Amino acid sequence: MAPTTHSLRPLSCWKTIFRHTRLQKAATRLLTTQAQPKRTFEESKLIAPRRKSNFKILGPPPALKFKEPIKDVTNAQLAILDPTNARSTLFSKTNPEAAHVGDILLVRLKTGDPFAGVCINIRRRGIDTGILLRNELTRIGVEMWFKIYSPNVEGIEVVQRKEKRARRARLTYMRKPKHDMGSVQNIVLAYQRSRGALRGSGGAGTLGKDELKGGKRKVKGKGKR
Amino acid sequence: MLNCIDNSGAAIVECVQVMKMKRAAKIGTGSPPLSPPHTHADWCCLIGDRIIVVVQKQRNFGPESGPGASVSTSAANKVRRGDIRHAVVVRTVKKLQRTDGSVVKFDDNACVLINKAGEPIGTRLNGIVGTELRKMKWSKILSLAPMHL
Amino acid sequence: MAPKLPISWAQLPPTFLLPDTFLPLIAKRGVKYGWTTAPKRGKPNRFNQQTAGLPTLLQSPAAALARKARTLPLRTGLLAIKKGMTALYDPETGVRTPCTVVQLDRVQVVAHKTREKNGYFAVQIGAGSKEPGNVTRPLLGHFSGAGVSPKRHLSEFRVLNSAGLLKIGETIGPEWFLEGQFVDTRSNSRGMGFEGGMKRHNWKGQPASHGNSLAHRLMGSSGPSQGAGSRVHPGKKMPGRMGGHQVTQQNLKVLKVDAEKGILVLNGAVSGPKGCVVKIQDAIKKPWPTIPAAVEDVKEALHATA
């Protein structure tokens, strides 16, 4: 039903043509904005491409359940290096019997002599947890970091506890001459002698029992004070 | 300036040269030697490194340090002030990490004088030394030391 | 206008009858002193080639492939996520080894790049997953064509030849690498932001005293004056954005492979923050690893595509 146009005078009919297009455009607009049935929630959730597609979108394969591999690796290591959980409890923050900064600790090593000193820093980093001990040997100040889970460390014992809780997390001020404790060798030697006597009375124990005994002694020592 | 802890006669010496640069290859750590050192840390010398020192202060032995003791002192001392000698570093303030993650740090820097052949000049040491000396083939110094760590 | 010479190829005698000197098929004319003497804009024809008689170019794609023949890995690498660092202790010797843990997340082969089509051989690897609504339609088609789900990370790993093209859709686990072998890792380093020259380029800085005023950490001169054209030459190191660029760590040993947890434990440090994407491939400076029978099924898949 196109409007009749004059073939001889084509320009005269512009007005008619324009009106016709306008009307057509309005009609199309009406058509597209017609009310559509509302999609349900399930329908909208479906991955439905707007246009018809000839390919299928695959869902992702199931994800791995192991979200914290660092923890897994650390725990696997701890199971080998600290099977009795003795070291972890000795330095755990929740344990009231734990070793604290300011205590005198003795580290028995697999290779070489044991090293004892005042603990002036505890660095808690999972498997990399370390303690900083300070002592004076042959009148020279010596500081050593030990990784508490290192296989070279045979055992860690508390020789003497600090009477009052240290009010700092790191006692680096103890390096200064004013606060330096000096040598703690005498205290450690006395401790080792008393421990030797204790062991003599109780009978020689195996290595694992040894550590347990050390723990018991700690409790006793605390009760005395 | 670092302490000298043997009985060669020197008390305080000054380091004038570090003779290493091939340290990595010497220990056999597998890492290639650091060709020209580019950071400050590479110039540092650690326990077991050989250095060249100048004796700055002599040690006085025995109680007889009155007048006329200077002759005996010079006789007892194997080195004199101003001597240029080789030495081995035995203690450092700089922290030194070991393979198991433990770290050792001393409160002073100290060395032991040696001759060109690498034998210690003194006969006794007074003071603790680092165990790294063994790894660096200085077992003789290690056996002289009263204690090692 | 001169008439055209009525010569056509049909009239010439066959080539084997023509003496070489009569009509050299490889043009030697115009080449003297090792380079061509043909005019710059001269129209090159069959007997007047610009490159005739000159040594073959080293800038061609073929030459590039030949150069790379020794350093291109035989098999593809994979994409992993850096999870952090920890340490391993040897219970016997007590040696502590710092290590990096990386995890694999649904790593699959998505596409191939071939010599015929792209000029080189490479395997496109995808990892992770992405909501299909957040992926453009061209990419959705790319993934579905490969038969894999939309991936968050995509990366190409070049391989030497078509034998290294793993089958499309194949899933790669951490057991792709062997314990004890060496790998190279590539990842974007931690971004430092805008940093000064001393930190960015390890400059010395300027003296603290001797009349220095407010210029202790400045870059100093940016170049000579009139002799150099009174301008800053291209490539002058200056303060600017530091970090956040790709860093390759070579020859990292694979300490542990855990297929169940999907993790690889690598010796030492890998650049980048936790959670960054790490490209891992066989180390190019070590002998290629020999794949034992345990990975035979993967190998078969390799042969099937080859």
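About the criteria used
Residues numbered from 1 in each chain as written. Chains lettered and ligands numbered in written order. Predicted model: local features only at pLDDT ≥ 70, side-chain atom pairs only at ≥ 80, totals over all residues. Helix = DSSP H or I, 4+ residues; strand = E, 2+ residues; numbered from the N terminus. Contact = placed C-beta atoms within 7 Å. Buried ≥ 20, exposed ≤ 12 C-beta atoms within 10 Å, placed from the backbone. Nonpolar A, V, L, I, M, F, W, Y, C, P; charged D, E, K, R; others polar. Pairing = 2+ DSSP bridges. Core = buried A, V, L, I, M, F, W, Y, C linked by C-beta atoms within 7 Å. Axes fitted to C-alpha atoms, helices over the stretch in contact; angles between N-to-C directions. Arc of directions from axis to C-beta. pLDDT = per-residue confidence, 0-100.

A.B. asks: Explain the overall build of chain C to me, please; I cannot follow it from the model alone.
C.D. replies: Helix and strand counts for chain C come out as 5 helices and 14 strands. Look at the contacts in chain C between residues 6 or more apart in sequence, and 67% of them connect residues 24 or more apart.

A.B. asks: When you look at the overall build of chain A in this model, what are you seeing that I'm missing?
C.D. replies: In terms of regular secondary structure, chain A is built from 6 helices and 5 strands. The N-to-C order of helical and strand elements in chain A reads α-α-α-α-β-β-β-β-β-α-α. For chain A, the proportion of its 225 residues judged to be buried stands at 20%. Contacts in chain A between residues far apart in sequence, at least 24 positions, make up 53% of those at least 6 positions apart.

A.B. asks: Help me understand the interface of chain B and chain A, please; the structure alone is not making it clear to me.
C.D. replies: Many authors give the size of an interface as the accessible area that is lost as the parts come together. Counting residues at the interface gives 15 residues for chain B and 12 residues for chain A. Counting residues per element, the side of chain B that touches chain A draws most heavily on strand E6 (residues 103–106) of chain B, which supplies 4 residues. Here the residues of the side of chain B that touches chain A are counted per class, giving 7 nonpolar, 3 polar and 5 charged. Relative to E6(B), strand E4 (residues 140–147) of chain A runs antiparallel, the two sharing 4 bridges. Bridge pairing in E6(B) places Trp145(A) opposite Val103(B).

A.B. asks: What's the story with the pairing of strand E3 (residues 130–137) of chain A in this structure? I'm lost.
C.D. replies: Every regular strand shows the same layout, with side chains that alternate between the two sheet faces. All names here are of chain A. Burial runs high along E3: 6 of the 8 residues are buried. Note that strand E2 (residues 115–123) and E3 share 5 bridges and pair antiparallel. When the bridges of E3 are listed, Arg123 appears paired with Gly130. The hairpin formed by E2 and E3 contains 6 residues between the paired strands, and Gly126 there has a positive phi angle of roughly 60 degrees. One ladder, built from 8 bridges, connects E3 with E4; its direction is antiparallel. Across the sheet, residue Gly130 finds its bridge partner in E4, namely Lys147. The turn joining E3 and E4, which pair antiparallel and follow one another in sequence, is formed by 2 residues; a positive phi near 45 degrees is taken by Thr138.

A.B. asks: Which parts of the structure should I look at to understand the sheet that holds strand E8 (residues 171–172) of chain C?
C.D. replies: Sheet strands pair by backbone hydrogen bonding; their relative direction is either parallel or antiparallel. All names here are of chain C. If you walk across this open sheet you meet the 4 strands as E7-E6-E5-E8, and the pairing is antiparallel. Of all the strands in the sheet, just strand E7 (153–158) and E8 have a single pairing partner and so form its edges. Bridge count for strand E5 (residues 107–113) against strand E6 (residues 122–127) is 5 bridges, and the pairing is antiparallel. Bridge pairing in E6 links Gln108 to Gly126.

A.B. asks: Would you mind going over the interface of chain C and chain A with me for this structure?
C.D. replies: Counting residues at the interface gives 26 residues for chain C and 27 residues for chain A. At the level of secondary structure, the elements contributing two or more residues to the side of chain C that touches chain A comprise strand E3 (78–89), strand E4 (96–103), helix H3 (137–146) and strand E13 (263–267) of chain C. It is E3(C) that provides the largest number of residues to the side of chain C that touches chain A, a total of 6 residues. Tallied by class, residues from the side of chain C that touches chain A come to 10 nonpolar, 11 polar and 5 charged.

A.B. asks: How should the nonpolar core be read in this particular structure?
C.D. replies: Side chains of a nonpolar character, in soluble globular proteins, are inclined to be buried together. Judged by nonpolar contacts, the single largest core of 64 residues is most densely connected at Leu105(A), Cys119(A), Leu133(A), Val90(B), Cys111(B) and Val112(B). Broken down by element, this core gets its largest block of residues, 6 residues, from E2(A). Aside from chain neighbours lying at most four places away, what touches Cys111(B) is Leu2(B), Cys4(B), Val13(B), Ile51(B), Val53(B), Ala87(B), Val88(B), Val89(B) and Val90(B). Val109(C), Val110(C), Leu140(C) and Val148(C) belong to the second-largest nonpolar core, a separate cluster that totals 38 residues.

A.B. asks: Any chance you could explain the sheet that holds strand E12 (residues 246–258) of chain C here in plain terms?
C.D. replies: Read once around its circumference, the closed barrel built from 6 strands follows the order E3-E4-E13-E12-E9-E14 (chain C), with strand pairing classed as antiparallel. Going from strand to strand, the sheet's axes swing by 50 degrees on average, the running direction of each strand aside. The sheet contacts of helix H3 (residues 69–81) of chain A involve E3, E4 and E13 of chain C, and relative to E3(C) the element is tilted by about 25 degrees.

A.B. asks: How should the environment of Gly155(A) be read in this particular structure?
C.D. replies: Residue and element names in this part refer to chain A. Topologically, Gly155 is positioned in strand E5 (residues 153–160). By C-beta crowding, Gly155 is classed as partly exposed, having 18 other C-beta atoms within 10 Å. Gly155 sits 59 residues away from Pro96 along the chain, and the two C-alpha atoms are 20 Å apart.

A.B. asks: Just to check I follow, could you spell out H3(C) for this structure?
C.D. replies: All names here are of chain C. Among all positions in H3, only Leu140, His142 and Phe143 are buried. Here the buried residues of H3 occupy an arc of 160 degrees about the axis, which is enough to place them on one side. Set apart from the buried face of H3 by more than 90 degrees, the exposed residues are Pro138 and Gly145. Along its buried surface, H3 packs onto E5.

A.B. asks: What am I meant to see in unusual backbone geometry here?
C.D. replies: Residues apart from glycine generally show negative phi values, whereas peptide bonds are mostly found in trans. Residues and elements named next belong to chain C. Positioned with a positive phi, Ser230 is a non-glycine residue whose angle comes to about 55 degrees. Locating Ser230 in the fold gives a position in the loop between helix H4 (197–201) and strand E11 (240–242). For Ser230, a count of 9 C-beta atoms within 10 Å translates into the label exposed. In this model, Asn251 sits at a positive phi of 60 degrees, which is unusual for a non-glycine residue. Here Asn251 is to be found in strand E12.

A.B. asks: Please clarify how the pairing of E13(C) should be interpreted in this entry.
C.D. replies: Residues and elements named next belong to chain C. Buried residues dominate E13, accounting for 4 of its 5 residues. Here E4 runs beside E13; their pairing, made up of 5 bridges, is antiparallel. Directly across from Thr100, in E13, lies its bridge partner Leu266. Relative to E13, E12 is paired through 4 bridges, and the arrangement is antiparallel. Within E13, the residue paired with Asp258 across the bridge is Ile263. Two successive antiparallel strands, E12 and E13, enclose a turn made up of 4 residues, where Gly262 displays a positive phi of approximately 70 degrees.

A.B. asks: Before we go on, may I ask you to explain the confidence of the model for chain A in this structure?
C.D. replies: Taken residue by residue, chain A gives an average pLDDT of 81. The fraction at 70 or more is 74%. Contacts from residues 202–225 of chain A, a stretch scored under 50 in pLDDT, to residues over four places away or in other chains number 11 contacts.

A.B. asks: Help me out: how do you make sense of the confidence of the model for chain C in this one?
C.D. replies: Any segment with low pLDDT has predicted coordinates that should not be analysed in fine detail. Per-residue confidence for chain C gives a mean pLDDT of 86, with 80% of residues at or over 70. Per-element mean pLDDT across chain C ranges from 62 in helix H5 (residues 296–305) of chain C up to 97 in strand E9 (residues 182–188) of chain C.

A.B. asks: Looking at this structure, how should I read the environment of Lys286(C)?
C.D. replies: Residue and element names in this part refer to chain C. One can find Lys286 in the loop between strand E14 (277–282) and H5. When the 14 C-beta atoms within 10 Å are taken as the criterion, Lys286 is described as partly exposed. Excluding residues within four positions of it along the chain, Lys286 makes contact with Phe182 and Asn251.

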